[in-house]
Amino acid sequence: MNVHYDGVIIGGGHNGLVCAAYLARSGQRVLVLEAAEQLGGMAATREFAPGFHVSACAHLLHMLPRSIVDELALTRHGLEFAAQSMPTTALSDDGAHLLMSQGGVTGVGSGDAAAYTSLMARLRKFAAHLRPVLEMVPPRLGTSAWADQASLLRLAWQVRSLGRTDMRELLRIIGMNVYDLAEEHFESNLVRGALGFDSLLGTSSGPRAPGTVL
């Protein structure tokens with residue numbers, strides 16, 4: 001029997017399933033091929049010890065846009081988060097452990113605590129301005145198509161609307177590595193290590209790799 005498909009997705013992991021869902025929503029006939037017995041790929045829940053279940057590998061969803069959760073009604077289909085906004089803990093030999101969260105950092109001196117609050121506020125501002133870029137179709141370079149020109153203008157405006165001071169700072173750090181940024185702002189090795197850890201989750205980079213700040 002000959003069956004025509006508009007698209008074939010190789011691998012039924014979470015990325016492949018999202019792609020297939022959006023193609024199907026647009027009216028495409030899609031085939032998803034998965035070699036394993038269970039769909040979900042690295043995000044599939046597996047039992048690693050009797051009574052204990054966890055995502056096989058993709059245990060963090062910091063890059064999952066809320067728009068995808070809403071548009072695909074993932075919550076209605078059973079998506080549950082075991083925890084959200086979890087703090088990062090850095091253990092110290094002397095027992096003065098560091099606890100780092102959105103609200104601030106404890107276990108360090110007042111200078112590092114203030115520097116952390118200031119830096120996080122600035123990075124959150126940058127993130128808010130750049131977030132729309134994550135959900136737009138990337139513009140093609142070297143074309144005169146209006147859609148691509150409009151995308152480039154939108155990107156430029158997102159950066160320019162930060163204001164001169166913040167725009168210059170964003171352009172300065174956007175290609176930096178997290179090691180150098182942490183060295184600039186903090187005295188505590190615990191803060192530096194915790195920031196480096198958080199910034200590299202889900203990547204194959206090291207703390208001195210360019211572009212690891214944001």
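What comes next concerns the included structure. (Residues numbered from 1 in each chain as written. Predicted model: local features only at pLDDT ≥ 70, side-chain atom pairs only at ≥ 80, totals over all residues. Heavy atoms only, no water.)

1. Examining the pairing of strand S3 (residues 45-49)
Part 1 of the argument: Looking at chain direction, S3 and strand S4 (residues 52-55) are connected through 4 bridges and run antiparallel. Pairing of glutamate 47 across the sheet is with histidine 53, part of S4.
Part 2 of the argument: Turn length for the S3-S4 hairpin, with the two strands adjacent in sequence and antiparallel, is 2 residues, and the turn residue glycine 51 shows positive phi of about 85 degrees. (Pairing = 2+ DSSP bridges. Helix = DSSP H or I, 4+ residues; strand = E, 2+ residues; numbered from the N terminus.)

2. Notes on the environment of arginine 131
Part 1 of the argument: Assignment of secondary structure puts arginine 131 in helix H3 (residues 110-134).
Part 2 of the argument: Considered as a pair, arginine 131 and leucine 141 are 10 residues apart in the sequence and their alpha carbons are 21 Å apart.
Part 3 of the argument: Not counting the four nearest positions on each side in its chain, arginine 131 is found in contact with Pro65 and Arg66. (Contact = heavy atoms within 4.5 Å.)

3. Some words on the sheet that holds strand S6 (residues 98-101)
Part 1 of the argument: Read from one edge to the other, the open sheet built from 3 strands follows the order S5-S6-S7, with strand pairing classed as antiparallel. The open sheet terminates on both sides in strands that have one partner only, identified here as strand S5 (88-90) and strand S7 (104-106). Taken over all neighbouring pairs, the strand axes of this sheet differ in orientation by 15 degrees on average, direction set aside.
Part 2 of the argument: Inspection of the sheet shows S6 paired to S7 by 3 bridges, in the antiparallel sense. Across the sheet, the residue bridging to serine 101 is glycine 104, located in S7. (Axes fitted to C-alpha atoms, helices over the stretch in contact; angles between N-to-C directions.)

4. Let's talk about the pairing of strand S2 (residues 30-33)
Sheet faces and side chains relate simply in a regular strand, where the side chains alternate between the two faces.
Part 1 of the argument: Examined bridge by bridge, strand S1 (residues 7-10) and S2 share 4 bridges and lie parallel to one another. Note that in S2 the partner of glycine 7 across the bridge is valine 30.
Part 2 of the argument: Between the parallel elements S1 and S2, the chain passes through helix H1 (residues 14-25) in a crossover that is right-handed. (Right-handed = clockwise from strand over helix to strand, strands pointing away.)

5. Examining the environment of valine 54
Part 1 of the argument: Note on placement: valine 54 falls in strand S4.
Part 2 of the argument: Taking C-alpha positions, valine 54 is 8.8 Å from alanine 43, a pair spaced 11 residues apart along the chain.
Part 3 of the argument: Beyond its immediate chain neighbours, meaning those up to four positions away, valine 54 contacts Ala44, Thr45, Arg46 and Phe48.

6. Considerations on the pattern of salt bridges
Part 1 of the argument: Evaluated as defined, the whole model comprises 7 salt bridges.
Part 2 of the argument: Across the pair aspartate 148 and arginine 140 runs a salt bridge, and its minimum N-O distance is 2.9 Å.
Part 3 of the argument: Judged by relative accessible area, which is 8%, aspartate 148 ranks as buried.
Part 4 of the argument: Residues joined by salt bridges that share partners form a network here, namely Arg122, Lys125 and Asp166. (Salt bridge = Lys/Arg side-chain N within 4 Å of Asp/Glu carboxyl O. Buried < 20%, exposed > 50% of the residue type's maximum accessible area, 1.4 Å probe, protein only.)

7. Here we look at the nonpolar core
Part 1 of the argument: Ranked by size, the top nonpolar core spans 24 residues in total, and within it Leu98, Met100, Tyr116, Leu123, Ile173, Phe186 and Leu195 carry the most contacts.
Part 2 of the argument: Counting only elements with at least two residues in this core, the list comes to S6, H3, helix H5 (164-173), helix H6 (178-185) and helix H7 (189-200).
Part 3 of the argument: Take this core: its biggest share by element is 7 residues, from H3.
Part 4 of the argument: Excluding its chain neighbours within four sequence positions, the residues that come into contact with tyrosine 116 are Met100, Ser101, Gly104, Val105, Phe186 and Leu195. (Core = buried A, V, L, I, M, F, W, Y, C linked by side-chain atoms within 4.5 Å.)

8. Concerning a nonpolar patch on the surface
Part 1 of the argument: Taken together, Val8, Ile10 and Leu33 make up a surface patch of nonpolar side chains, about 300 Å² in accessible area.
Part 2 of the argument: With respect to the element layout, leucine 33 can be found in strand S2.
Part 3 of the argument: Judged by relative accessible area, leucine 33 falls into the partly exposed class, the value being 40%. (Patch = residues over 30% accessible without salt bridge, like charges linked within 9 Å, V, L, I, M, F, W, Y side chains within 5 Å. Areas by Shrake-Rupley, 256 points an atom, 1.4 Å probe, with all protein chains shown as cover.)

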